[in-house]
Amino acid sequence: MSQRAPAFPKTSARRPSAVWKVLTSTDHKSIGLTYMGVAAVFLVLGGLEALVMRLQLAVPGNRLLAGETYDRFLTMHGTTMIFFVLLPLLLGFTNYLLPLQIGARDMAFPRMNAFSLWLLVGGGLLLYLSPLTGAPSQGWFSYAPLSETPFTPQRGVDLWSAALIVGGYGTTLTAVNVLVTGARLRMRGMLYKRLPMFAWMSWINGFIILFALPCLTAVLLMLEVDRLLGAGLFTRGDPVLWQHYFWLFGHPEIYLLILPAWGLISEIIPVFSRKPIFGYEFVAWSTVAIAFLSFAVYAHHMFAVGLGWPVELAFGTTSMLIAIPTGIKVFNWLATMWKGSVRYTLPMLYAAAFIVQFTFGGVSGVTFAVVPIDWQLTDTYYVVAHFHYVLFGGSLFAVLAGLHYLYPKFTGRFLDERLGRWGFWLNVIGFNGVFLVQHLLGLMGMPRRVYTYPDLPGWGALNLFSTVSGFVLGVGLLLLLVNLIRSRTHGRLAGRDPWNGWTLEWLTDSPPQEGNFSQLPPLHSRRPLWDLKHPDDMDHVRPRRHDKNGHIREEERGHQ
């Protein structure tokens, strides 16, 4: 009997390429990793811009860059690092980790999540197209009316504005997604008081983004109305109107760049100290206090414009107040480590460096709450040093701690320990070498935002030391990049739970399967995996894990 040909002959199914998968994915894990990849590309660009600026400042009277060119590098570096490095890095961690920690399959709006990502990428592309029409040179703060057409005629300023508006819309949509996901997709038993600290801080961060970013978007639209239509909003009205809008966004921006980073630290320190976080409730509510106060301190950036003493007194007071909830966090992290069984793995080393550097940056920040000190130092390198200790020594080091902590979950493999430790020490030495001496330069009176300086005693030597340290830091970050790429294929296999963690992300495969979980355990406490591993010693039965003197309990030591 003859065989009939099939009506629909089989065709060789073509598997989508990895690039196509990334471009079309709505999975929160893929989107989270793409955010981080995009941030890494912009980190390379922003880092190279910083090194060029440091070369210009290495010696007094250097002529490597003209003044206008230096200003363009300054504008691109500041904008890149704040809006297209730190922000997408933290959004990436939030996208990846939030659904896993609360037992959800994905974010609440997966397609909107992907749309938000590509809006931010589009914003970054617009920024780097701006040099084609005259690179913006007005600084990342873009003070109007100096950024108006009569003073800054380059069309690149318009593309710069468009970049931040487009990227800002993407970030605002992500905030909506985070808030709805945290409110609606928590697994049964995951009460707000049981949220992992990273999930809690990312959720609170969503509120800050939702209220702060529209201020920036509004003022950028007003600037473009001025520049393109000649409305004169900033030239005929209050000359500091721009600053009010900008800093009403700009100071909360500092906290939206650091709250998720604090969340990562609050996950890492307990796991590697083998103790639950000390004072969970205080850490959680201090986050809420910071979210409110971050809007109430914004005008301390404007003391030099002459606001009048009642206003300066009010904002100076609130600026000191915000140090209290911030200090609570630092003391709780230290108390968690106190008398614990601390394991100084790479994530813990970065976390420890974060605490030291961020505390230093925080203390130097409190000095700006004292109005006369602010007047004396506001336009000096002291501000540059303080700012970088908070956002680089604080936020970025916390992100690096989180990257080393979660890399086994992302890839199923460990980072190379030897390369990682070399990278860590180069990063710590390089970072502190660059910025510690800039405190001295500021106290000696060296102004910021200048492309050259006179050969005054000590200025040349300290600037040269800062520049050399910048290249040490660059080598450290390069080693980290090599480690990330090499360990992807050559790293030691990690398994599901390589750090003996307690939260739900360590329950699933590494990397997690589609849908994240095949089964979820009953949830009775903040440490569901501890309960699962120790059914005879569950947290909700005996919630205190340390004795009255702060020592970890002997029985807990036995469960390491």
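Please refer to the structure higher up on the page.
Residues numbered from 1 in each chain as written. Predicted model: local features only at pLDDT ≥ 70, side-chain atom pairs only at ≥ 80, totals over all residues. Heavy atoms only, no water.

So, on to the overall build of the protein chain. Looking only at helices and strands, the protein chain features 18 helices and zero strands. The C-alpha radius of gyration computed for the protein chain amounts to 25 Å, which stays within 12% of the reference 24 Å derived for 560 residues, consistent with globular compactness. When its C-alpha atoms are laid out on the principal axes, the protein chain stretches across 80 × 80 × 45 Å. Per-residue burial for the protein chain yields a buried fraction of 57% across its 560 residues. For the protein chain, restricting intrachain contacts to residue pairs at least 6 apart in sequence, the fraction spanning at least 24 positions comes to 80%. Of the roughly 24000 Å² that the protein chain leaves accessible, carbon and sulfur atoms contribute 68%. Of the side chains in the protein chain, 43 bear a positive and 31 a negative charge, and the two mean positions are spaced by 9 Å. (Helix = DSSP H or I, 4+ residues; strand = E, 2+ residues; numbered from the N terminus. Rg over C-alpha atoms; globule rule 2.2 N^0.38 Å. Buried < 20%, exposed > 50% of the residue type's maximum accessible area, 1.4 Å probe, protein only. Contact = heavy atoms within 4.5 Å. Areas by Shrake-Rupley, 256 points an atom, 1.4 Å probe, with all protein chains shown as cover. Lys, Arg positive; Asp, Glu negative; His and termini not counted. Charge placed at Lys NZ, Arg CZ, Asp CG, Glu CD.)

The geometry of helix α6 (residues 197-229) relative to helix α7 (residues 241-256) is characterised by a closest axis approach of 9 Å and an angle of 150° between their N-to-C directions. It follows from the interaxial angle that α6 and α7 lie roughly antiparallel. Of the two possible hands of crossing, α6 and α7 adopt the one that is left-handed. Across from Asn-205, Ile-208, Ile-209, Ala-212, Leu-213, Cys-215, Leu-216, Val-219, Leu-220, Met-222 and Leu-223 in α6, the residues of α7 making contact are Leu-241, Trp-242, Tyr-245, Phe-246, Leu-248, Phe-249, Pro-252, Tyr-255 and Leu-256. Grouping the amino acids of the contact of α6 with α7 by side-chain chemistry returns 19 nonpolar, one polar and no charged. (Axes fitted to C-alpha atoms, helices over the stretch in contact; angles between N-to-C directions. Parallel < 35°, antiparallel > 145°, perpendicular 65-115°, else oblique. Left-handed = near helix turned anticlockwise from the far one by under 90°. Nonpolar A, V, L, I, M, F, W, Y, C, P; charged D, E, K, R; others polar.)

Where helix α15 (residues 417-443) contacts helix α16 (residues 459-490), the two axes come as close as 7 Å, and the packing angle between them is 155°. With respect to each other, α15 and α16 are oriented roughly antiparallel. Every pair of crossing elements has a handedness; the one defined by α15 and α16 is left-handed. Across the contact of α15 with α16, the residue classes break down as 17 nonpolar, twelve polar and no charged.

If you check helix α10 (residues 309-321), its first and last C-alpha atoms are 18 Å apart, about what 13 residues at 1.5 Å a residue would give, namely 18 Å. Within the span of α10, buried status applies to Glu-312, Phe-315, Gly-316, Thr-318 and Ser-319. Across the axial projection of α10, the buried residues extend over an arc of 165°, all falling on one side. Of the exposed residues in α10, those oriented more than 90 degrees away from the buried face are Trp-309 and Leu-313. Structurally, α10 contributes buried residues whose contacts are with α9 (280-296), α11 (323-337) and α13 (371-377). (Expected span 1.5 Å × (residues − 1). Arc of directions from axis to C-beta.)

Here we take up the pattern of salt bridges. Two side chains of opposite charge can pair, provided their charged atoms sit close to one another. Enumeration over the complete set of coordinates arrives at eleven salt bridges. Among the ionic pairs, Glu-281 bridges to Arg-526, the shortest N-O distance being 3.0 Å. Of this pair, Glu-281 sits in helix α9 while Arg-526 sits in the loop between α16 and α17 (528-533), placing them 245 residues apart in sequence. The class of Glu-281 is partly exposed, set by a relative accessible area of 43%. One network of salt bridges, with partners in common, ties together Arg-155, Asp-158 and Arg-227. (Salt bridge = Lys/Arg side-chain N within 4 Å of Asp/Glu carboxyl O.)

With that settled, consider the environment of Ile-322. Relative to the assigned elements, Ile-322 resides in the loop between α10 and α11. According to the relative accessible area criterion, Ile-322 is buried, its value standing at 6%. Sequence separation of Ile-322 and Ala-291 is 31 residues, and the distance between their C-alpha atoms is 9.6 Å. Once residues within four sequence positions are removed from consideration, Ile-322 is found in contact with Tyr-255, Ile-290, Leu-293 and Ser-294.

The final tally for this structure, using the stated rule, is 39 aromatic pairs. Taking 5.6 Å as the distance between ring centres and 65° as the angle between the ring planes, the aromatic pair formed by Phe-368 and Tyr-382 counts as edge-to-face. Of this pair, Phe-368 sits in the loop between α12 (346-366) and α13 while Tyr-382 sits in helix α14 (residues 381-411), placing them 14 residues apart in sequence. The exposure class assigned to Phe-368 is buried, which follows from its relative accessible area of 7%. (Phe/Tyr/Trp six-rings, centres within 6.5 Å; stacked < 30°, edge-to-face > 60°.)

Take the environment of Val-59 next. Considering the arrangement of structural elements, one finds Val-59 in the loop between α2 (28-56) and α3 (67-102). For Val-59 and Leu-464, which are 405 residues apart along the polypeptide, the C-alpha to C-alpha distance reads 6.3 Å.

It is worth spelling out the nonpolar core at this point. Core analysis: the biggest nonpolar cluster contains 140 residues, and Phe-93, Trp-200, Trp-242, Trp-262, Trp-333 and Phe-354 have the highest contact counts within it. Counting twelve residues, the second largest nonpolar core, distinct from the first, contains Met-53, Leu-65, Val-437 and Leu-462. (Core = buried A, V, L, I, M, F, W, Y, C linked by side-chain atoms within 4.5 Å.)

Moving on, we come to the side chain of Ser-364. In this fold, Ser-364 is placed in helix α12. With near-sequence residues (within four places) excluded, Ser-364 lies in contact with Tyr-382, His-386 and His-439.

In this section: a nonpolar patch on the surface. A cluster of nonpolar side chains, Val-44, Leu-48, Leu-478, Leu-481, Val-482 and Ile-485, forms an exposed patch at the surface whose accessible area comes to about 530 Å². Breaking the nonpolar patch down by element, the ones donating at least two residues are α2 and α16. Looking at the nonpolar patch, the element that brings in the most residues is α16, giving four residues. (Patch = residues over 30% accessible without salt bridge, like charges linked within 9 Å, V, L, I, M, F, W, Y side chains within 5 Å.)

Time to look at unusual backbone geometry. Backbone torsion omega between Ala-144 and Pro-145 reads 10°, so that peptide bond is classified as cis. Inspection of the secondary structure puts Pro-145 in the loop between α4 (110-129) and α5 (156-184). Of the consecutive residues Ser-510 and Pro-511, the connecting peptide bond is found in the cis state with omega at -5°. Among the secondary structure elements, Pro-511 is positioned in the loop between α16 and α17. At Arg-274, a residue that is not glycine, the phi angle is positive and equals roughly 55°. Looking at the secondary structure, you find Arg-274 in the loop between α8 (259-273) and α9.

What follows deals with the environment of Leu-51. Relative to the elements of secondary structure, Leu-51 occurs in helix α2. Separated by 420 residues in the primary sequence, Leu-51 and Phe-471 place their C-alpha atoms 7.2 Å from one another. Other than its neighbours up to four places away in sequence, Leu-51 contacts Gly-470 and Phe-471.

Keep in mind that these numbers describe shape and distance, not what the molecule does.
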